[in-house]
Amino acid sequence: MKLIQTVDAEGAVLCHDITQIIKEVTKDAVFRKGHVVTKEDIPVLLSVGKDWLYVWENQEGMLHENEAARILCEICENSNMEHSQPKEGKIELRAAIDGLFKVNNQGIRAINGFGQMMIASRHGNFPVKKGDKLAGTRIIPLVIEEEKMRAARQEAMKATGGQPILKLMPFVHKKVGIVTTGNEVFYGRIQDTFTPVVKEKLQEFDTEVISHVTWNDDDKKVTASILEMIENGADVVICTGGMSVDPDDKTPLAIKNTGARIVSYGAPVLPGAMFLLAYLDIKEEKGNRRAAIIGLPGCVMYARRTIFDLVLPRILADDEVTAQELAGLGQGGLCLNCPECTFPNCGFGKGY
């Protein structure tokens, strides 16, 4: 940086905040670090006693914070996002659509480990609405080495496989089949209060229930219904009930007998430990497709938030869930059943 007279400062970039103090009126910065001085600013600067200013001196190999901020934004930003203009080395990213927000943890750690730059985002694997804030980025010093930004980009791309750190996946219209199981419901001994809960949660997304059947504890009938629904176009089949290890709970067996690939039977989430997720690949003339089959434990019927709330948005955005990812839900997988539920603005489902 260099020292210049304020009267000659038009077009210069301030290296520090300029504070104005008026007793019992104000004590605040009238100009922030990084501000580009205009002709109209000069009388104001003189009025706060600044006859001389420290300003940024352009140096080869160094980038101004706003230039570097644009690079950091490029490392993060993906399609379906909008960014603010850089200000004081900061850029904010917002959602341009409703969708599922994803964060590459290795990429964000790579950037934040460099120092002098940072990315702070909301938690990934949760749905967002158009206009929601996704992340904020900032360059800490007024100037930063161009080589450091180049190295940061290389490390981030190495960590992410060449992809931006953030992703916003649009939700896809899904056709859904529901298979309700249980002798008590099939024979009319109790009312089915499970299916209405499932339908209510599905209504939050772009879904269409194309079929619903109710069966007793006959795994062969359940298997046949799952396959028939998928053959008729269902992208997701949800089975309710019969998910425990009791001898008459046959739903896991029924799902297994479809030939689907079982991702996990059980999840480290409470409520929702007896959850089952499977995928079935279908070959069709117009191309192959993959259907998700879900076995829901009884807790989904009465608990406000469960494993179903964590997995459903991902399935509806065509974001395949892995066994490793389900295992990672253990930390943060305990719902505290708060008197006033604030999900998703709480710790539930926010693992490491």
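Conventions adopted
- Residues numbered from 1 in each chain as written.
- Predicted model: local features only at pLDDT ≥ 70, side-chain atom pairs only at ≥ 80, totals over all residues.
- Heavy atoms only, no water.
- Buried < 20%, exposed > 50% of the residue type's maximum accessible area, 1.4 Å probe, protein only.
- Helix = DSSP H or I, 4+ residues; strand = E, 2+ residues; numbered from the N terminus.
- Arc of directions from axis to C-beta.
- Contact = heavy atoms within 4.5 Å.
- Polar contact = N/O pair within 3.5 Å; in protein donor to acceptor, adjacent residues only side chain to side chain.
- Salt bridge = Lys/Arg side-chain N within 4 Å of Asp/Glu carboxyl O.

Help me understand helix H3 (residues 105-112), please; the structure alone is not making it clear to me.
Side chains of residues three or four places apart in an α-helix project in the same direction, reflecting 3.6 residues per turn. Where H3 is concerned, the buried positions are Gly-107, Ile-108, Ala-110 and Ile-111. Down the axis, H3 shows its buried residues gathered within 155° of arc, on one side only. Structural note: H3 exposes Gln-106 and Arg-109 on the side pointing more than 90 degrees away from its buried face. Looking at the packing, one finds that the buried side of H3 touches helix H2 (65-76), strand E8 (99-103), strand E9 (117-121) and helix H4 (146-160). A side-chain oxygen of the first residue of H3 lies 3.1 Å from the backbone nitrogen of Gln-106; this N-cap is Asn-104.

Looking at this structure, I do not really get the side chain of Thr-160. What am I missing?
As for its placement among the helices and strands, Thr-160 is situated in helix H4. Look at Thr-160 and you get buried, because its relative accessible area is 11%.

When you look at the pattern of salt bridges in this model, what are you seeing that I'm missing?
Pairs may arise between side chains of opposite charge once their charged atoms sit close together. Counting across every chain of the model gives 18 salt bridges. Measuring nitrogen to oxygen at the nearest pair gives 4.0 Å for the salt bridge that ties Asp-98 to Lys-129. Here Asp-98 is found in the loop between strand E7 (90-95) and E8, whereas its partner Lys-129 is found in the loop between strand E10 (126-128) and strand E11 (133-139), with 31 residues between them in sequence. A relative accessible area of 38% means that Asp-98 is categorised as partly exposed. Here Lys-174 makes a salt bridge to Asp-318, at a shortest N to O gap of 2.4 Å. Taken as a pair, Lys-174 in strand E14 (residues 174-181) and Asp-318 in the loop between helix H10 (307-316) and helix H11 (323-327) lie far apart in primary sequence, 144 residues in all. On the accessibility criterion, Lys-174 (7% relative accessible area) is buried. Several salt bridges converge on common partners, so that one network encompasses Lys-102, Arg-314, Asp-319 and Glu-325.

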